[in-house]
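Observations on the model geometry
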Amino acid sequence: MLKGTNASPGIAIGKALLVENIEFHIERFSIEDTELEEKKLLAGIEKSRNELRVVRDKALINLGEDKAKIFDAHLLILEDPELIDATINVIKDEKVNSEYAFSQVIDMFVQIFETMDDEYMRERSADIKDVSDRVLRNILGIKYVDLSYLEDTVILVVHDLTPSDTATMDKLKVAGFLTDIGGRTSHTTIMARSLEIPAVVGLKDITVKVCDGDFIVFNGATGEVIINPDDETIEYYEKLKEEYLRQKNELKLYIGRETVTPDGKHIELAGNIGTINDIEGLLKNDSQGVGLYRTEFLYMEKDNYPTEEEQFEAYKKVVIALGQKPVVIRTLDIGGDKELPYLNLEKEMNPFLGYRAIRICLDRKDMFKTQLRALLRASVYGNLKIMFPMISSLHELLEAKELLEEAKRELDTAQTLYSSNIEIGIMIEVPAAAIISDILAKHVDFFSIGTNDLIQYTCAVDRMNEKINRLYNQFNPAVLRLIKLVIDNAHREGKWVGMCGEAAGDKRMIPILLGMGLDEFSMSPISILNARKIICSTKYEEAKIIAQKVLKLETDGEIEKYLKELYPSQEVVIKN
Amino acid sequence: MEKVVVIKNEKGFHIRPVGEFVKKANEFKSKVYIECKGRRVNARSVMALMSLGVKKDSEISIIVEDEGTDAADALKVLSELIESGFGEL
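A brief report on the enclosed structure follows. (Residues numbered from 1 in each chain as written. Chains lettered and ligands numbered in written order. Predicted model: local features only at pLDDT ≥ 70, side-chain atom pairs only at ≥ 80, totals over all residues. Heavy atoms only, no water.)

1. Side note on the interface of chain A and chain B
Using the following cut-off: The contact criterion used is simple: two residues touch if any of their non-hydrogen atoms lie within 4.5 Å. Accessible-area loss on putting two parts together, using a 1.4 Å probe and summing over both, is the definition of buried area adopted here. Definition used for salt bridges: Asp or Glu carboxyl oxygen within 4 Å of a side-chain nitrogen of Lys or Arg.
The interface is formed by 24 residues belonging to chain A together with 22 residues belonging to chain B. Of the roughly 2,000 Å² buried where chain A meets chain B, counting both sides, 71% is carbon and sulfur surface. At the surface where chain A touches chain B, the tally comes to two salt bridges. Ionic pairing is found between Glu20(B) and Lys69(A), a salt bridge with its closest N-O pair at 3.5 Å.

As structure tokens, this is what we get:
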């Protein structure tokens, strides 16, 4: 079994269509008949234009006008007088073959783009490569797999998908994608999720391991891929697929419904996002807000600090997209397993216990205040809340709040507006913070429990270390007691408590958290409807009894056994 | 004739607006050039325009050399197109 990044959920079963990236070996030939080469060039361009018109028309239907306009621009590249004239000049002056001349001229332009200091412009060399590869293929007469005319349903196995691949592919015939490269935010992943096609990306060498026509089954929710499985495995995956589709359809019934228990307790059900691209999935799954907006991606996609303006625009877009729904934005949480090269941080022995998150921000005050000003400015566009990560003492919280006040005074001086009633909260992910949550609660408007780190710190278990994986367990009684303590302490001060770790979307955990009195659950958007289903079918009074019972059990094993008796069915397919 | 305009698009004069601009420029008989930071390029060339790397809030000059009789029209239509932000604002 292979394992990659779980990009888009769903079960795919079918034959592999291996789309090899044909490397062009463009050679230089001396030729006599320059007129013939010119004709070959123009014929190649003409053929490419005809293909691109089809691409454009399909994009207009499948992806909308905005995306189609990009292919209009691609078409104009093929009519580009500078490009064509320059190529013809190279053919004539150097007496060389047309594909060589064309690739020379293209390379010249690509080099210009790649030296630009603008990231966006630099990326545009991908557009040009997309267009020029098409022309070169057509000059050379190389056949390639046309994804817009697929005869059978296939699982695409490809190094990576280009924008024109995804625009034209016959989506009804594509059961899934598997790629060598890419991560949770790459083009293929975003497309797969928005088209709701199962996908696993970042498999490194899947295009080498798979032969065209191999039979494949994979689970997009777990990232597991099996090549040429036995009959028993195929049968198992067929059942999983059936179950997945059944669940997915059933969950659609929960769109537009309130999240309320049968005995009337209302719950806030929100989503975790990393970039503006996640908003679509968030709204499609009927989220009631954003419970965690991880701002580190804004910092990680750049090769330098994002400016106040860039951050302001990003926050504003998300806040506006959510209307009046709450958006909890977490200030920079870098360090630990997330690196930021331009911060020039030293390598540490224990990065999770080291210089990270709020500890860096309180040290690099200018960087922190830039983010705070951007957040304050974006607050006038909707319901924005600010959350500080990795707080472990009251001192840190007060210092962070003081910097926020400083940022406000700076905006006052500049006569810039910000909302006057922004809620301030902290992540509870360090046991120290959980233990003094009675003290911290007096100084915040809300808590959000980050279970991933809370479990790791409470149990002293490195969650990246596979050898001690068994010890990393959300049902560890110590973790559950801390969660209960935090909720009770917050409620005593009249503050609300959310959870934005993986546990909040876990179907076995939800009734326990509900019973403990958790007010807000925030999770991957794709898990929201399932969580709503569970909450809508669990009485609060019963959940309270479950929570009380669980808190009395002595080991994680006992708790899991009890939960298994309570919920005998094992359905893990939807979880992502 | 010549007019200075400011690019308002967030991502600068990127592939989509450049495409729309060239499409529009092709509708006129007059020769159209764009000049930015001392470099002058043919406004009918997507590649040349993109190679200017014009960012948001940068000034560019639209230069129209009259070969037909539509120079004034071309200048007006093309500068309005840029100022409209190509529908991305």
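2. With respect to the sheet that holds strand 9 (residues 268-273) of chain A
All names here are of chain A. For clarity, the cut-off: A pair of strands is considered paired only if DSSP assigns at least 2 bridges between the two. Only DSSP runs of H or I reaching four residues or more are called helices, and only runs of E reaching two or more are called strands; each is numbered from the N terminus. Think of each axis as a best-fit line through the C-alpha atoms, taken over the contacting stretch in the case of a helix, with angles from 0 to 180 degrees between the N-to-C directions.
One closed barrel accounts for eight strands, arranged 9-10-11-12-13-14-15-16; its pairing is parallel. Taking the axes of each pair of neighbouring strands and ignoring which way they run, one obtains an average angle of 25 degrees across the sheet. Pairing geometry for strand 11 (residues 326-330) and strand 12 (residues 383-388), over five bridges, is parallel. Bridge assignment links Val-327 to a residue of strand 12, and that residue is Leu-384. Where helix 22 (residues 528-536) meets the sheet, it contacts strand 9 and strand 16 (520-523), and its direction lies at approximately 160 degrees from that of strand 9.

3. Here's the deal with the pattern of salt bridges
Opposite charge on two side chains makes pairing possible when the charged atoms of those side chains draw close. Note the threshold: Buried residues are those whose accessible area, probed at 1.4 Å on protein chains only, stays under 20% of the maximum for their type, while exposed residues exceed 50% and partly exposed ones sit between those limits.
Inspection of every chain in the model, using the stated rule, returns 45 salt bridges over all chains. Measuring nitrogen to oxygen at the nearest pair gives 3.5 Å for the salt bridge that ties Glu196(A) to Lys284(A). Pair noted here: Glu196(A) is in the loop between helix 8 (187-195) and strand 6 (199-201) and Lys284(A) is in helix 11 (residues 279-284), with a separation of 88 residues, a long-range link. Glu10(B) serves as the salt-bridge partner of Lys56(B), at 3.6 Å between the closest nitrogen and oxygen. Here Lys56(B) is found in the loop between helix 2 (46-51) and strand 4 (59-65), whereas its partner Glu10(B) is found in the loop between strand 1 (2-6) and helix 1 (15-25), with 46 residues between them in sequence. Look at Lys56(B) and you get partly exposed, because its relative accessible area is 34%. When salt bridges that share partners are traced, they join Glu308(A), Glu309(A), Lys369(A), Arg373(A), Arg377(A), Glu406(A) and Glu410(A) into one network.

These values are about where atoms sit, not about what they do.
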